[in-house]
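Structural overview for review
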Amino acid sequence: MSSELSPIDKAKFAAAKRAAALVESGMRAGLGTGSTAAWLGRCPGERVRNDGLKIKAVPTSTATAELARSEGIEVIALDEAKWLDLTIDGADEFDGHLNLIKGGGGALLQEKIVATASDQMVVIADVGKKVETLGAFPLPIEVIPFGLQTTQKLVEEALVSMDVLGRETSLRMDGATPFATDEGNRIIDLHLKRIGDARQLALTLNQMPGVVENGLFIDICDRVIIGFGDGKVEVRDIDSGTVENSQVDFAEESNLFADLAD
Ligand code: 5RP
């Protein structure tokens, strides 16, 4: 049961479980990508199957679309939804202003489009994603395949005048071939170690031809739900400045955990 989950998985589950309570019938909701967001897909999925929860979900990747459908959640395109009540997604890092690095799973472009088209973006994360300053996690940027090496070189040159600690870049690979995003683009990871001015960096990167989008989410996230391995959950709201604590009881989740063991 839950004892088979690692403390990090328990923390991710706790955050996702709390976030699932924000989803109400009739909502159009954006569903994020990654292992934490995958937990989220299972929680409303259970409510869709057992409690008649009716939502329309806009997934942020083909992987999330598959998971949502397998959970019985109705999937629609963003252009059909037009605007979303809520988007819930994971993050690779978040700071005290709820600015984020995202894109560890390579879905940052759809994730940013979906989050920006939402009344609210809520991030779910285990406590290990919390940082003082963004940048220890490599910052992903999505670039088009045409002129890839030239774009990479231009990005490296631009980094010289940026307030960052490291300037190495690497093309993300998927085995022997470059990783391809859902849009058929490539990901370059920027190993910056510390980002002094995330806003300026985000603007600079997006002005470069060949760069489609970067993984810095500035002023997009409204709330972060932080999960801990013991089931504790902390909800931080950037607008109200409030912090709310609660507890997830893993023993009550035996159905979900049993499903996973199948
Ligand atoms: C995918 C993302 C993910 O939200 C991010 O990488 C966090 O993933 P995980 O929940 O597996 O740690 O941005 O592009």
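Above this text you will find the structure in question.
In this report, we go over the structure that sits alongside the text. Values in this document were obtained by computation on a predicted structure and should not be read as measured data.

Looking now at helix H6 (residues 148-159). For H6, spanning twelve residues, the distance from its first C-alpha to its last is 17 Å, which sits close to the expected 16 Å at 1.5 Å a residue. Those residues of H6 not exposed but buried are Leu148, Thr151, Gln152, Val155, Ala158 and Leu159. Summarising the axial view, the buried residues of H6 lie within an arc of 125°, below the 170-degree limit, and thus occupy one face. Where the residues of H6 are buried, they touch strand S8 (139-143), strand S9 (168-171), strand S12 (186-191), helix H7 (198-206) and strand S13 (211-214).

This paragraph deals with the nonpolar core. The biggest cluster of nonpolar side chains holds 30 residues, and the ones touching the most others in it are Leu40, Leu86, Ile88, Ile124 and Ile225. Listed by contribution, the elements that provide at least two residues to this core are helix H1 (7-20), helix H2 (35-51), strand S4 (86-89), strand S7 (121-126) and strand S16 (232-237). Tallying contributions element by element places H1 first for this core, with six residues. Residue contacts for Ile225: discarding those within four places in its chain leaves Ala15, Arg18, Ala19, Leu22, Val122, Val123, Ile124, Ala125, Val233, Glu234 and Val235. Counting residues in hydrophobic clusters, the runner-up holds 24 residues, among them Ile101, Ile141, Leu159 and Leu205.

To continue, consider the site of the ligand. Around the ligand, the surrounding shell holds 17 residues, and the nearest of these are Ser35, Thr36, Asp92, Gly103 and Lys129. Lys102 is positioned such that a nitrogen or oxygen atom in its side chain is 2.8 Å from an oxygen atom of the ligand. Between the ligand and Gly104 there is a distance of 3.4 Å, counted from an oxygen atom to a backbone nitrogen or oxygen. Split into classes, the residues belonging to the shell around the ligand amount to two nonpolar, nine polar and six charged.

Cut-off values and rules
- Residues numbered from 1 in each chain as written.
- Predicted model: local features only at pLDDT ≥ 70, side-chain atom pairs only at ≥ 80, totals over all residues.
- Heavy atoms only, no water.
- Helix = DSSP H or I, 4+ residues; strand = E, 2+ residues; numbered from the N terminus.
- Expected span 1.5 Å × (residues − 1).
- Buried < 20%, exposed > 50% of the residue type's maximum accessible area, 1.4 Å probe, protein only.
- Arc of directions from axis to C-beta.
- Contact = heavy atoms within 4.5 Å.
- Core = buried A, V, L, I, M, F, W, Y, C linked by side-chain atoms within 4.5 Å.
- Near = heavy atom within 4 Å.
- Polar contact = N/O pair within 3.5 Å; in protein donor to acceptor, adjacent residues only side chain to side chain.
- Nonpolar A, V, L, I, M, F, W, Y, C, P; charged D, E, K, R; others polar.

Scope: geometric values only; no functional claims are made or implied.
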